[in-house]
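Given next are the chains, with one letter for each unit.
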Amino acid sequence: MTPIEMPAREIARQVQSGALSAVAVAETHLARIAASNPTLNAYTDVTAARALAKARDIDARRMRGEKLGALAGVPFAVKNLFDVAGLPTRAGSKINRDLAPAMADGALVARMDAADAVLLGALNMGEYAYDFTGENVHDGASRNPHDPSRMTGGSSGGSGGAVAGGMATIALGSDTNGSIRVPASFCGLFGLKPTFGRLTRHGSFPFVGAFDHLGPLARSAGDLALAYDAMQGPDANDRACAQRAPEPTLPTLESGIGGLRVASLGGYFGAGGEAIVYEAVRRCAEAMGTKETVEMPQVHRARAAAFVITNVEGGQLHLERLRKRAADFDPATRDRLIAGNLLPGAWYMQAQRVRSWFQGEVAKLFEKFDLLLAPATPCAAPAIGQQTFTLNGQEMLLRPNIGVYTQPISFVGLPVVAVPFHGLGPLPVAVQIIAAPWREDLALRAAHFLETAGVARAPVAL
């Protein structure tokens, strides 16, 4: 197995033991980027000099007998809304690339670096994270490694493409309404959207303060847990980041799912898209030994309220840019942000009331169940440039509606692991494993169980 295909845990183990050098791992991945990125367009910036300097430092410290971090030598990359010292924080936009380079790494980038992961660069994304397709009008579309004519999903499209294409072992993304889970589904990866407030957002470009989450994508549940554990911890710089002690998940992965109460979400989540996505949920439920189905109440209203809050907060964030440089936006992004600034304040207040009510209703479900299963997307990856898809028998605009199953979960900040299913069709899809707030450990345990059982997998698209 080459470093391209190795899980993060194996890379770290071999680098720590001296069986593999961090420099060799970095050079192998940089060569992969040089060969694959012209087609897949996952990276907007490659930090080769930084990566090699870090790798040399890791190898030198190992030679001196120093203890290395848990992610020693593991190559990672970050969505270009994370601050990276020396790079302007693009956030997928034309406007932001005029900013001065960041003076320091964002908090999660710094925590990964402190665990001795090796940063390879910054990744393509939808403009200002308001996108589900991975198609950026300024930098070009991210392309799906399983079929380059297909979307990666967004807005963390480069993150999905980089990991699925073997150009990084782990990638960091953001998820406001589904932007980690949609690329995980389209690219066939494991992805973690943690509880709202679990991982600090300090040093990243915002979109919607009420919903923004940061998290990793990887090719195994264990790699998600390894990165998640390295990034945990409170941060006074992010008011949403709960002052909670880190709760390591890696040691609990082998605990299995015995005793966990699991149900599939039906109704709103149970039909209307491609048959493959519901088959993935069925197989997931079967492997976990459950036939129980439950419904979340009034999900369509929760999603409508999420749209209102997204548009209002996103529109307000970009109001000055819209006034001064409207022509430099993607027109589709610009028009939705303008609309957000025109919505009545009473709508926003009512949407927040719906959010509070919906949180209470969802909490009742977790009195009965530990985990809930749902599709991540209503279809496999559409073709790049495709504008519509069929949902509930109707032609729907693709860009705002691919998040139909992810958006209601972000709305109340629940932790989710997206688990990939390959082989049900020509392209992969993913299932959301949803847990109660602060119970990422349960969702990761279930994902690891499905992986070790051979039900879920995330191969490199070679």
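Nothing here was measured: the structure is a model prediction, and the numbers come from that model.

Enquirer: Could you give me a rundown of the overall build of the protein, with the residues and numbers involved?
Expert: Along its length, the protein carries 15 helices and 17 strands. The C-alpha radius of gyration computed for the protein amounts to 20 Å, which stays within 12% of the reference 23 Å derived for 462 residues, consistent with globular compactness. Along the longest, intermediate and shortest principal axes, the C-alpha atoms of the protein span 60 × 55 × 45 Å. Counting the 462 residues in the protein, one finds 62% classified as buried. Restricting to contacts in the protein with at least 6 residues of sequence separation, those with at least 24 account for 78%. Surface summary for the protein: the accessible area is close to 16300 Å², and the carbon and sulfur share equals 54%. Distance between charge centres in the protein, computed from 44 positive and 42 negative side chains, equals 2 Å.

Enquirer: Break down the packing of aromatic side chains for me, citing the residues and quoting the values.
Expert: Enumeration according to the criterion identifies nine aromatic pairs in this entry. When the ring centre of Tyr-130 is taken as reference, the NZ or CZ atom of Arg-336 above it lies at 3.8 Å.

Enquirer: Requested: an account of the confidence of the model for the protein, with residues and values cited.
Expert: Summary statistics for the protein give a mean pLDDT of 97 and a share of 100% for residues scoring 70 or more. Ranking the helices and strands of the protein by mean pLDDT puts strand 2 (residues 75-79) first, with 99, and helix 13 (residues 398-401) last, with 94.

Enquirer: Talk me through the side chain of His-422; I want residue IDs and the actual numbers.
Expert: Here His-422 shows up in the loop between strand 16 (416-421) and strand 17 (429-435). At 3.1 Å, the side chain of His-422 and the backbone oxygen of Gly-188 are in polar contact. Within polar-contact distance, the side chain of His-422 engages the backbone oxygen of Arg-457 at 3.4 Å. The residues touching His-422, leaving out its near neighbours within four places in the chain, are His-146, Gly-188, Pro-428, Arg-457, Ala-458 and Pro-459.

Enquirer: Could you give me a rundown of the pairing of strand 13 (residues 371-375), with the residues and numbers involved?
Expert: Counted residue by residue, strand 13 has five buried out of five residues, so it is predominantly covered. Pairing between strand 11 (residues 262-265) and strand 13: three bridges, direction parallel. Considered in strand 13, the bridge of Val-262 is made with Leu-371. Where strand 13 and strand 17 come together, five bridges link them in antiparallel fashion.

Enquirer: Could you give an account of the pattern of salt bridges, with specific residues and numbers?
Expert: Enumeration over the complete set of coordinates arrives at 30 salt bridges. Across the salt bridge formed by Arg-90 and Asp-45, the nearest N and O atoms sit 3.5 Å from each other. Remark: Asp-45 occurs in strand 1 (residues 43-46) and Arg-90 occurs in the loop between strand 2 and helix 4 (107-114); sequence separation between them is 45 residues. For the pair shown, Arg-90 and Asp-45 are each scored as buried. Between Asp-330 and Arg-399 there is a salt bridge, with the nearest N and O atoms lying 3.2 Å from each other. Here Asp-330 is found in the loop between helix 10 (319-325) and helix 11 (331-342), whereas its partner Arg-399 is found in helix 13, with 69 residues between them in sequence. Across the pair, exposure class does not vary: Asp-330 and Arg-399 are buried alike. Residues joined by salt bridges that share partners form a network here, namely Arg-50, Lys-54, Asp-57, Arg-61, Asp-105, Asp-113 and Asp-116.

Enquirer: Describe the sheet that holds strand 8 (residues 170-175), with residues and values.
Expert: Taken together, the 11 strands give an open sheet; going across it, the order is 1-3-2-8-10-9-16-17-13-11-12, and neighbouring strands pair in mixed fashion. Only two strands of the sheet have a single partner each, and these edge strands are strand 1 and strand 12 (293-294). Pairing geometry for strand 2 and strand 8, over three bridges, is parallel. Its bridge partner lying in strand 8, Phe-76 is registered against Ile-170. Against the sheet, helix 5 (residues 157-164) engages strand 1, strand 2, strand 3 (118-123), strand 8 and strand 10 (213-218), with an angle of about 155° to strand 8.

Enquirer: Tell me about the pairing of strand 7 (residues 147-151), and name the residues and values.
Expert: Strand direction decides the pairing type here: strand 6 (residues 143-144) and strand 7, joined by two bridges, are antiparallel. Within the sheet, the bridge partner assigned to Asn-144 lies in strand 7 and is Asp-147. Counted between consecutive antiparallel strands, the loop separating strand 6 from strand 7 contains two residues.

Enquirer: Describe in detail the nonpolar core, supporting the description with residues and values.
Expert: Counting 153 residues, the largest nonpolar core has Tyr-43, Ile-170, Met-296, Leu-371, Leu-372 and Phe-411 as its most contacted members. In this view, Met-296 contacts Leu-265, Phe-269, Phe-358, Val-362, Leu-365, Leu-372 and Ile-409; residues no more than four positions away in its chain are not counted.

Conventions we followed
- Residues numbered from 1 in each chain as written.
- Predicted model: local features only at pLDDT ≥ 70, side-chain atom pairs only at ≥ 80, totals over all residues.
- Heavy atoms only, no water.
- Helix = DSSP H or I, 4+ residues; strand = E, 2+ residues; numbered from the N terminus.
- Rg over C-alpha atoms; globule rule 2.2 N^0.38 Å.
- Buried < 20%, exposed > 50% of the residue type's maximum accessible area, 1.4 Å probe, protein only.
- Contact = heavy atoms within 4.5 Å.
- Areas by Shrake-Rupley, 256 points an atom, 1.4 Å probe, with all protein chains shown as cover.
- Lys, Arg positive; Asp, Glu negative; His and termini not counted.
- Charge placed at Lys NZ, Arg CZ, Asp CG, Glu CD.
- Phe/Tyr/Trp six-rings, centres within 6.5 Å; stacked < 30°, edge-to-face > 60°.
- Lys NZ or Arg CZ within 6 Å of the ring centre and 35° of its normal.
- pLDDT = per-residue confidence, 0-100.
- Polar contact = N/O pair within 3.5 Å; in protein donor to acceptor, adjacent residues only side chain to side chain.
- Pairing = 2+ DSSP bridges.
- Salt bridge = Lys/Arg side-chain N within 4 Å of Asp/Glu carboxyl O.
- Axes fitted to C-alpha atoms, helices over the stretch in contact; angles between N-to-C directions.
- Core = buried A, V, L, I, M, F, W, Y, C linked by side-chain atoms within 4.5 Å.

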